[in-house]
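In case you want the letters, here they are:
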Amino acid sequence: MTQVVLDRAVIQALQTRGEALDSTLLKGVRSLSELFTVGRDRIGFDYLSEPALRRAYLSYFAPVNIAKTYSVLTEILAPPARPLRVLDLGCGPGVGALALFHYFSGSQRKDHAGTEVLSIDRNSETLRDAESVWRNLVESGVSSDLPGLHVARLDVEARGASASWKHEKFDVILLVNSLNELFLSTPDPIDARTRLLAQLLESLAADGSLIVIEPALRSTSRALHEVRDRLVTQGTAKVYSPCLHDRGCPALLRRGDWCHEERPWHAPAIIEDIDRAVGFIKDALKFSYMVLRTDGRTIVDRDLNGYRVVSERMIMKGEQRVWLCNERGRQIVGRLDKERSEHNAGFDRWERGAIVRVTEIDRGGCVGRIRKTAKAEVIRSVIGKD
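As the structure is a prediction and not an experimental result, all values here were calculated from the model.

Engineer: Sorry if this is basic, but what is going on with the overall build of the protein chain here?
Structural biologist: Within the protein chain, the regular secondary structure consists of 8 helices and 15 strands. Taken against the 2.2 N^0.38 rule, which gives 21 Å for 386 residues, the C-alpha radius of gyration of the protein chain at 21 Å falls within 12% of a compact globule. Dimensions along the principal axes, computed over C-alpha positions, put the protein chain at roughly 60 × 45 × 45 Å. Residue burial in the protein chain is summarised as follows: out of 386 residues, 57% are buried. Pairs at least 24 apart in sequence give 76% of the contacts found in the protein chain among residues at least 6 apart.

Below is the structure:
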C-alpha cells in the first residue's frame, strides 16, 4: 500500500520557520488540538496572533493540512495545461501554495510554469509566516520555476470588506479548514458561508475547481453538507467530488450521521516526534471536503450502479459490510463469505472513499446483499491506495 508522502523540501521549509521541538511547542500543539476539537466555542478568536500557537500550527498542523489538500488536488483530472491562477482563502502559513508546489513537483510542473498563487488571510503575522516559509523554499534551490506567491490581508467578515478576487478569475480556489471558522457570530452561519462560496464561484474560471476542506468532526462536516445542499439547490454549481449526485445529502437525514474521509499517509518525522511527546496518533488524514465546478464535470460518469464507499469495512462473522452512497441515498451492503466469487472479488478492495460499481444488489432485507453472480469492482481508488 502506497501512502501520501510530503515533499521533503516542504517539511524543511516549515521546520526552518517552526524551529526546534521544545516544551513551548508541545504545549502549543496541545492547546490548538483542544481548540480545534472540544473547545470549538472559542474558535472565533484570532488564535494565530499568539506566537506560540502560530509556531505549533507551523510545525504540526500545517504539514497535515498540506497533505490533505494535496490528496484532494490529485482528484482534479487533467488541470488545464497553462499557467494557473490560484486563490487560497484563509491561507494560514501558505498551506495551499505549499500543497500546490507538492502537487506540481512531478512531471506536471512543466505544464504549469508561471502559475501564481494569491494567499489571503485576516492575520498579518501568519501572512508573514507564509512569505517566510515560501522564501525558505525558494532559497533551498528545489526548483527554478516555483509558483509565484502573493499575499493579501483581508477579513471577509468585516463590513464593507473589498474582496480583491471579485475582479479576477481563478483556476483553483482553496478554503482549507477555514470555512467553519467564518461567520460564527451571525444569525445564520450556513447562509453566510453559502453566499461567500457563491461569490467565489463567480470568480472561478470556466474549467476551474473550488475546493473546500473541513475538519472531520460531526458538527463541521454536517455544516459543510448543509452549505453543499443550498448551493446545489440554487443551481450555483455541480458537485465534482466526493458526491456522485446533486440531490440532498443523505447524511443529513439522521442527526448522528456525517460523511468524512480517512486517507493513509507517511507522517513526517516531526509529526511522529510530537505525537510521541504529547500522546497523539496522526496515522491517517481525516477530513471532510467538497469540490465544486460550474462546467458540469464530475469525477466519474454517474450511474445508478455507481457508489461512493462512505464507511470503513465492517468485518463480521461470516460476512463483511460497508455503507454506500449515491442518488438512492445511503445504504448498507454486505457480502457473505460463502458468496465470494470471481465476479464479486472486487468487493475485497472496497475502502472508505473509493468509487465502486456493483451490477446487482439483493435488497430483500435490511442489508443489501452482493450475491455470487453480481459483478463488484473499483472504479476509482483512493489516493495513496492501490
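Engineer: When you look at unusual backbone geometry in this model, what are you seeing that I'm missing?
Structural biologist: Phi is mostly negative for residues that are not glycine, and the peptide bonds are mostly trans. For the bond running from S241 to P242, omega is 5°, close enough to zero to count as cis. Within the secondary structure, P242 sits in the loop between β6 (238-241) and β7 (261-264). Phi is positive for N177, close to 55°, though the residue is something other than glycine. Topologically, N177 is positioned in the loop between β4 (170-176) and α6 (189-202). In the Ramachandran plot, F183 falls in the positive-phi region, its phi being about 60° despite a non-glycine side chain.

Engineer: Any chance you could explain helix α2 (residues 23-36) here in plain terms?
Structural biologist: Think of an α-helix as 3.6 residues a turn; residues three or four steps apart then line up on the same face. The terminal C-alpha atoms of α2, which comprises 14 residues, lie 20 Å apart, in line with the 20 Å expected from a rise of 1.5 Å per residue. For α2, the set of buried residues is L25, L26, G28, V29, L32, S33, L35 and F36. Buried-residue contacts for α2 involve α3 (51-73) and α8 (269-278). Among the residues of α2, the N-terminal cap falls to D22, whose side-chain oxygen and the backbone nitrogen of T24 are separated by 3.2 Å.

Engineer: Explain the packing of α3 against α8 here, please?
Structural biologist: For any two helices packed against each other, one specifies the crossing angle of their axes together with the interaxial distance. Between α3 and α8, the shortest axis-to-axis distance is 9 Å and the interhelical angle comes to 125°. The orientation of α3 with respect to α8, classified from their angle, is oblique. Here the hand of the crossing between α3 and α8 comes out left-handed. Contact residues: α3 offers S59, Y60, P63 and V64, while α8 offers I270, I271, I274 and D275. Residue composition of the contact of α3 with α8, by class: 6 nonpolar, 1 polar and 1 charged.

Engineer: Looking at this structure, how should I read the pairing of strand β8 (residues 284-293)?
Structural biologist: Along a regular strand, successive side chains alternate from one face of the sheet to the other. Taken across its 10 residues, β8 has 9 buried, putting it largely inside the fold. Alignment of strand β5 (residues 204-215) against β8, held across 6 bridges, turns out to be antiparallel. When the bridges of β8 are listed, L210 appears paired with L292. Inspection of the sheet shows β6 paired to β8 by 3 bridges, in the antiparallel sense. Residue pairing for β8: S241 is matched across the bridge by V291. For β7 and β8, the ladder comprises 4 bridges, and the chain directions are antiparallel. Opposite R263, over in β8, you have L285 as the bridge partner.

Engineer: Sorry if this is basic, but what is going on with the environment of P80 here?
Structural biologist: By the secondary structure assignment, P80 is in the loop between α3 and β1 (85-89). In this structure P80 comes out as buried when scored by relative accessible area, which is 18%. Along the sequence, P80 and G346 sit 266 residues apart, while their C-alpha atoms lie 33 Å from each other. P80 has contacts with H112, D171 and D207, leaving out every residue within four places of it along the chain.

Engineer: Explain the nonpolar core here, please?
Structural biologist: Generally speaking, soluble globular proteins have nonpolar side chains that are buried together. Formed by 66 residues in total, the largest nonpolar core has its most connected members in L32, I211 and W265. When residues in this core are grouped by element, the largest group, 13 residues, is from α3. Ranked by size, the runner-up nonpolar core spans 32 residues in total, among them L118, L154, L201 and A237.

Engineer: Would you take a moment to explain the packing of helix α4 (residues 95-103) against helix α5 (residues 124-139) for this structure?
Structural biologist: Following both chains from N to C, one finds α4 and α5 inclined at 25°, their axes separated by 10 Å at the closest point. Taken together, the axes of α4 and α5 lie roughly parallel to each other. Every pair of crossing elements has a handedness; the one defined by α4 and α5 is left-handed. The residues of α5 that touch α4, namely those facing A97, L98 and F101, are V133, W134 and L137. Its residues assigned to classes, the contact of α4 with α5 shows 6 nonpolar, no polar and no charged.

Definitions and cut-offs
Residues numbered from 1 in each chain as written. Predicted model: local features only at pLDDT ≥ 70, side-chain atom pairs only at ≥ 80, totals over all residues. Heavy atoms only, no water. Helix = DSSP H or I, 4+ residues; strand = E, 2+ residues; numbered from the N terminus. Rg over C-alpha atoms; globule rule 2.2 N^0.38 Å. Buried < 20%, exposed > 50% of the residue type's maximum accessible area, 1.4 Å probe, protein only. Contact = heavy atoms within 4.5 Å. Expected span 1.5 Å × (residues − 1). Polar contact = N/O pair within 3.5 Å; in protein donor to acceptor, adjacent residues only side chain to side chain. Axes fitted to C-alpha atoms, helices over the stretch in contact; angles between N-to-C directions. Parallel < 35°, antiparallel > 145°, perpendicular 65-115°, else oblique. Left-handed = near helix turned anticlockwise from the far one by under 90°. Nonpolar A, V, L, I, M, F, W, Y, C, P; charged D, E, K, R; others polar. Pairing = 2+ DSSP bridges. Core = buried A, V, L, I, M, F, W, Y, C linked by side-chain atoms within 4.5 Å.

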